[in-house]
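Residue strings, one per chain:
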Amino acid sequence: MGTSFRVFRAPILHFTARPDPVSGGGYEYFPDGVLVVRDGHVETLGSAADLSRQGLALEQCEHYPDKLLMPGLIDPHIHYPQTGVIASYGEQLIDWLNQYTFPAEQAFRDPEHGRIRASEFLDLLLESGTTTAMVYTTIFPQSTEAFFEAALERNLRMVAGKVMMDRNAPQGLRDTVASGVADTRSLIERWHGRGRLDYAVTPRFAPTSSREQLAAAGRLLREYEGVYLQTHLSENRGEIAWVGSLFPEARDYLDVYDSYGLLGPRSVFGHGIHLSERERGRLGETGSRIAFCPTSNLFLGSGLFDLAATEEAGIGVGVATDVGGGTSFSLLETLAEAYKVLQIQGQPLHPLIGLYMATLGNARTLALDDRIGNFESGKEADFILVDPGVSQVQKQRQERARSLDEVLFALMMLGDERNIAATYIQGVPVFQRDQLERESA
Ligand code: GUN
Ligand code: ZN
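Quick caveat, the model's predicted, so the values are computed rather than measured.

Trainee: Before we move on, could you go through helix α12 (residues 331-343) and cite the residues and values that matter?
Mentor: Here α12 contains 13 residues, and its C-alpha end-to-end distance of 18 Å stays within 8% of the 18 Å for a straight helix at 1.5 Å per residue. The set of residues buried in α12 consists of L331, L332, T334, L335, A336, E337, A338, Y339, V341 and L342. At the N-terminal end of α12, a side-chain oxygen is found 3.1 Å from the backbone nitrogen of L332, two or three residues along, and the residue is S330.

Trainee: Give a detailed account of the nonpolar core, specifying residues and quantitative values.
Mentor: In this structure, F147, M158, V201, Y257 and L349 are the most contacted members of the largest nonpolar core, which totals 101 residues. Residues within four places of L349 in sequence aside, it is in contact with L307, L335, A338, Y339, L342, G354, M357, F409 and M412. Counting residues in each nonpolar core, the second largest holds 18 residues, with A10, A421, Y424 and L436 among its members.

Trainee: How would you summarise the packing of aromatic side chains if you had to cite specific residues and measurements?
Mentor: This structure, assessed with the given rule, holds 18 aromatic pairs. Taking 6.4 Å as the distance between ring centres and 50° as the angle between the ring planes, the aromatic pair formed by F15 and Y27 counts as tilted. Residue F15 is found in strand β1 (residues 5-20), and its partner Y27 is found in strand β2 (residues 25-38); the two are separated by twelve residues along the sequence. Look at F15 and you get buried, because its relative accessible area is 1%. Ring centres of Y339 and F409 lie 5.1 Å apart, and the angle between their planes is 65°; this geometry places the pair in the edge-to-face category. With Y339 in helix α12 and F409 in helix α15 (residues 404-414), this pair connects stretches of sequence that are 70 residues apart. Taken together through their ring pairs, the aromatic side chains of Y80, F108, F121, F147, F148, W191, Y199 and F329 make up a single cluster. The ring centre of W191 lies 4.3 Å from the NZ or CZ of R194, which sits over that ring. The residue whose ring lies beneath R266 is Y228, and the NZ or CZ to ring-centre distance is 4.6 Å.

Trainee: Go over the coordination of the zinc ion (ligand 2) with me, naming the residues and quoting the values.
Mentor: Taken together, the protein ligands of the zinc ion (ligand 2) are H77 (NE2), H79 (NE2), H232 (NE2) and D322 (OD), with distances of 2.1 to 2.3 Å. Around the zinc ion (ligand 2), the four donor atoms sit at angles spanning 92 to 167°, and that spread fits a shape best called irregular.

Definitions and cut-offs
Residue numbers restart at each chain and count upward from 1, following the sequence in its written direction. The order in which chains are written sets their letters, starting at A; the order in which ligands are written sets their numbers, starting at 1. For this predicted model, a pLDDT threshold of at least 70 governs which residues receive local features, and a threshold of 80 or more governs which side-chain atom pairs are given and counted, while totals over whole chains, interfaces and linings are taken from all residues. Each side-chain value is worked out from all heavy atoms of the structure, with water and hydrogens disregarded. Helix and strand assignments follow DSSP, with helices taken as H or I runs no shorter than four residues and strands as E runs no shorter than two, numbered in order from the N terminus. By this rule, a helix spans an expected 1.5 Å times one less than how many residues it contains. Each residue gets one of three labels from its accessible area relative to the maximum for its type: buried under 20%, exposed over 50%, partly exposed in between, using a 1.4 Å probe on protein chains only. Here a polar contact is taken to be a pair of N or O atoms separated by no more than 3.5 Å, where protein atoms must pair a possible hydrogen donor with a possible acceptor and residues adjacent in sequence count only if both atoms sit in side chains. We define the nonpolar core as a collection of buried residues of types Ala, Val, Leu, Ile, Met, Phe, Trp, Tyr and Cys that are connected through side-chain atoms lying within 4.5 Å of one another. In this analysis, two residues are considered to be in contact whenever any of their non-hydrogen atoms come within 4.5 Å of each other. Ring pairs shown here join Phe, Tyr and Trp side chains whose ring centres sit within 6.5 Å, with only the six-membered ring taken for Trp; geometry is labelled stacked below 30 degrees between planes, edge-to-face above 60, and tilted in between. Distance and angle both matter: a charge sits over a ring if NZ of Lys or CZ of Arg is within 6 Å of the ring centre and within 35 degrees of the ring normal. Water is not part of the atom set, so a site may look incomplete; the donors themselves are N, O and S atoms within 2.8 Å of the metal, or 3.2 Å for Na, K and Ca. A four-donor site is called tetrahedral if each angle lies between 85 and 135 degrees; a four-donor site is square planar, and a six-donor site octahedral, when trans pairs exceed 155 degrees and the remaining angles lie between 65 and 115; all other cases are labelled irregular.

Written out as structure tokens, the structure reads:
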């Protein structure tokens with residue numbers, strides 16, 4: 001086996017901890033930086049001047065002086081089968097599921113449909129600068145199989161799972177306790193830990209699983225070391241009332257999941273908008289994570305996520321698109337909506353915190369921060385080249401930006417997939433928007 005060696009020179013930004021915008025801690029910015037990648041992993045990161053002094057030949061660099069090189073973006077909550085129903089009019093959660101989402105998911109019975117959609121979905125992620133995601137498939141194991149195959153072929157770090165749903169869903173879109181367990185088990189055995197892939201046990205949400213199915217999901221989590229759990233929690237007021245009537249024995253929505261052993265540091269709950277103090281406390285003490293999905297929460301009229309209260313309870317919060325309830329694949333656009341959701345509650349989101357959340361923060365949300373999320377030596381070299389000014393409005397704003405914070409804030413508020421110039425997986429380019437202008441060093 002030969003070794004591969006590539007050197008990139010550009011302005012480079014990454015996070016080493018949750019940044020402190022006041023003290024300036026938690027991130028490194030190299031206006032003229034170099035990233036050395038060997039065999040798909042970060043070998044060295046530093047300033048061009050320092051590395052040149054240490055003997056690195058700068059002529060061998062791929063040089064992008066007008067771009068910003070950052071870790072790949074990470075999306076901890078997204079539904080690949082819902083690409084086609086993004087932007088479907090007029091309904092809130094439960095009616096939206098019945099009218100648009102469930103019919104779209106039925107089509108994934110056909111394995112060929114799954115293969116085509118999985119491939120298209122991964123292309124959309126990569127062109128949006130997203131290199132890792134935690135993904136819902138459908139109840140059909142062939143749709144999960146198609147997703148993992150497409151991700152393996154592209155060498156992507158992905159977490160995904162087959163949806164478990166044995167009640168309150170249409171005929172033809174339900175599994176059973178037994179088939180859900182058998183299919184999940186065989187998918188875990190085939191895919192968990194293979195390549196860069198991991199498995200998430202995926203009961204859709206409390207209303208579509210029987211008690212027996214939730215209990216079975218808990219047993220699978222305990223049986224297989226390192227698998228994840230993903231589900232939805234406390235998104236919509238009607239949904240919460242429905243959970244109350246379906247599970248009268250539970251103290252609250254979270255208690256349904258808790259009583260079947262579904263909480264913990266590898267559990268990612270989508271939304272968590274309307275939580276009680278008790279629920280937040282319990283999520284915090286179990287190390288459970290929440291995925292904040294601002295475009296979805298606004299689009300479906302679900303509510304305003306309270307980041308400050310959630311973090312004060314000690315809960316790790318990621319930021320996610322939730323396509324197709326969410327309206328954009330772009331985590332930049334998602335951060336702009338996060339800013340507005342929080343601004344209306346008096347919690348303005350600093351761009352350093354926002355970009356931290358979309359990279360190292362989301363790697364932590366997925367307990368993958370030992371592999372991805374920043375350019376610490378030894379990590380997998382998934383990264384993006386960002387052009388902070390591509391549209392007229394962005395260009396004129398960026399020309400006026402007087403500091404890194406201002407550049408990043410304008411990028412966060414005005415940016416989307418058009419700002420992703422290129423995406424690299426383990427040092428290999430997998431997406432380029434236009435012919436990249438490369439300067440020789
Ligand atoms: N709750 C249960 N299923 C879904 C889904 O597919 N999308 C969203 N946003 N919420 C859900
Ligand atoms: Zn969702």
